[in-house]
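# Examination of the molecular architecture
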Amino acid sequence: MKRWTVAAAAVAALALTACSNASPEGKSGPAVTPPAITSTPPPVITSAPEVEYTPVPITASIQCTGVDTEFSTPGEAWSGSYSLCEGTVSGDKLSPTEQKALTTAYGKSDDGDTSPLGTLYGMCAQNATDSFGYLEDAGSPEQISEVRGALLLCPDHPQKSRVTKLLAGAEKDNRLSEEGRIFGSGVLTVGEDVQPGTYVTTDVTNCYWERTDRNGNPIDNYFSTGAARVQVTIHASDYSFNSEGCGEWRPAK
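Residues numbered from 1 in each chain as written. Predicted model: local features only at pLDDT ≥ 70, side-chain atom pairs only at ≥ 80, totals over all residues. Heavy atoms only, no water.

This paragraph deals with the overall build of the protein. Assigned secondary structure in the protein consists of five helices and eight strands. Ordered by position in the sequence, the α and β elements of the protein form the string α-β-β-β-α-α-α-α-β-β-β-β-β. Relative to its full complement of 253 residues, the protein shows a buried share of 31%. For the protein, the proportion of contacts with a sequence separation of at least 24, taken over those separated by at least 6, is 68%. Summed over its atoms, the accessible surface of the protein is roughly 16700 Å², and 54% of this surface lies on carbon and sulfur atoms. (Helix = DSSP H or I, 4+ residues; strand = E, 2+ residues; numbered from the N terminus. Buried < 20%, exposed > 50% of the residue type's maximum accessible area, 1.4 Å probe, protein only. Contact = heavy atoms within 4.5 Å. Areas by Shrake-Rupley, 256 points an atom, 1.4 Å probe, with all protein chains shown as cover.)

As structure tokens, then:
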């Protein structure tokens, strides 16, 4: 009996020891503590510092026909005689004179395009005796503005006096044309398309003109196979004036 009692007590002691080492879920082994979770801050992104842009002054490159030399200013070309020159520019910082020249030649613009300035510098370099000759035939208002803009860039142009006179004549002719006092061929209504007055044309071949009434009947007419000068007086009572082959009619002087 005593041996059994001692053995039973030993078994009970071992059972108590096993229970004391068991985990709450019934698993054996020591309890495991989970590692602490730490957060990593996001990286700091820094932008590169902005570099301030500095405008670049305008520089010109001018090439004239008949010469391989490249000029950087119109004055460099004035030692020769060139009827046609073309220019290009680089840079974007306009001087006050360059800005005024562009505005005079082409009107105000906000697109920042400086390339038309090259055209004006090229025109400034042209200095032949026939340069700007198209103004003698009454250049268009656009051509007149362009030439005036170019002269602002080169006020010392060797042909300035001549070109200034051509500009004045072209502006006068444009005004007379708008008023109906310079006109060409076709049937023109008196008082609208053409104004009453005395007009002449020169160096004509096979020139015919007629004045008509409201019914289209001729009041007077004329034909010449060739003449150095032809003159006609258009009356306020005329309804229309028609001419063919007579060229340009201008007010008689």
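Inspection of the secondary structure puts S61 in strand β1 (residues 59–64). Accessibility expressed as a relative area gives 21% for S61, which makes it partly exposed. When the C-alpha atoms of S61 and G118 are compared, they prove to be 7.8 Å apart, with 57 residues separating the residues in sequence. Those residues in contact with S61 that lie beyond four places of it in its chain are E70, F71, E86, G87 and T88. Within the structure, S61 has its side chain in polar contact with the side chain of E70 (distance 3.1 Å). (Polar contact = N/O pair within 3.5 Å; in protein donor to acceptor, adjacent residues only side chain to side chain.)

By the element assignment, V163 lies in helix α5 (residues 160–178). In this structure, the C-alpha to C-alpha distance between V163 and L135, residues 28 residues apart in sequence, is 8.4 Å. The contact partners of V163, leaving out residues within four places of it in the chain, are F132, L135, V147 and L151.

A separate point is the side chain of S243. Counting through the fold element by element, S243 comes out in strand β7 (residues 240–244). Separated by 3.2 Å, the side chains of S243 and W249 make a polar contact. If sequence neighbours within four positions are ignored, S243 has contacts with G184, S185, G186, Y208, W209 and W249.

Attention now goes to the state of the cysteines. Throughout the structure, instances matching the rule amount to three disulfides. Here C64 is linked by a disulfide to C85, with a sulfur-sulfur distance of 2.0 Å. Where C64 bonds to C85 through sulfur, the torsion about that S-S bond is close to 105°, and the disulfide is right-handed. A residue pair is termed long-range when its members are at least 10 positions apart, and C64 in strand β1 and C85 in strand β3 (residues 85–90) qualify at 21 residues. No difference in accessibility class separates C64 from C85, as the two residues are buried. Shown here is the disulfide that connects C207 with C246, its sulfur atoms set 1.9 Å apart. (Disulfide = S-S within 2.5 Å.)

Here we have three strands laid out as an open sheet, ordered β2-β1-β3, and antiparallel in their pairing. Both outer strands of the open sheet, β2 (70–71) and β3, are each paired with one neighbouring strand and no more. Examined bridge by bridge, β1 and β2 share two bridges and lie antiparallel to one another. Considered in β2, the bridge of Q63 is made with E70. Each of β1 and β3 is contacted by helix α3 (residues 116–125), which is oriented at about 140° to β3, the strand it contacts most. (Pairing = 2+ DSSP bridges. Axes fitted to C-alpha atoms, helices over the stretch in contact; angles between N-to-C directions.)

Before going further, it helps to examine the packing of aromatic side chains. The tally for this structure, following the rule as stated, stands at six aromatic pairs. Taking 5.0 Å as the distance between ring centres and 75° as the angle between the ring planes, the aromatic pair formed by F183 and Y199 counts as edge-to-face. In this pair, F183 sits in the loop between α5 and β4 (186–189) while Y199 sits in strand β5 (residues 197–212), placing the two residues 16 residues apart along the sequence. Y199 matches F183 in its accessibility class, with the two residues each being buried. (Phe/Tyr/Trp six-rings, centres within 6.5 Å; stacked < 30°, edge-to-face > 60°.)

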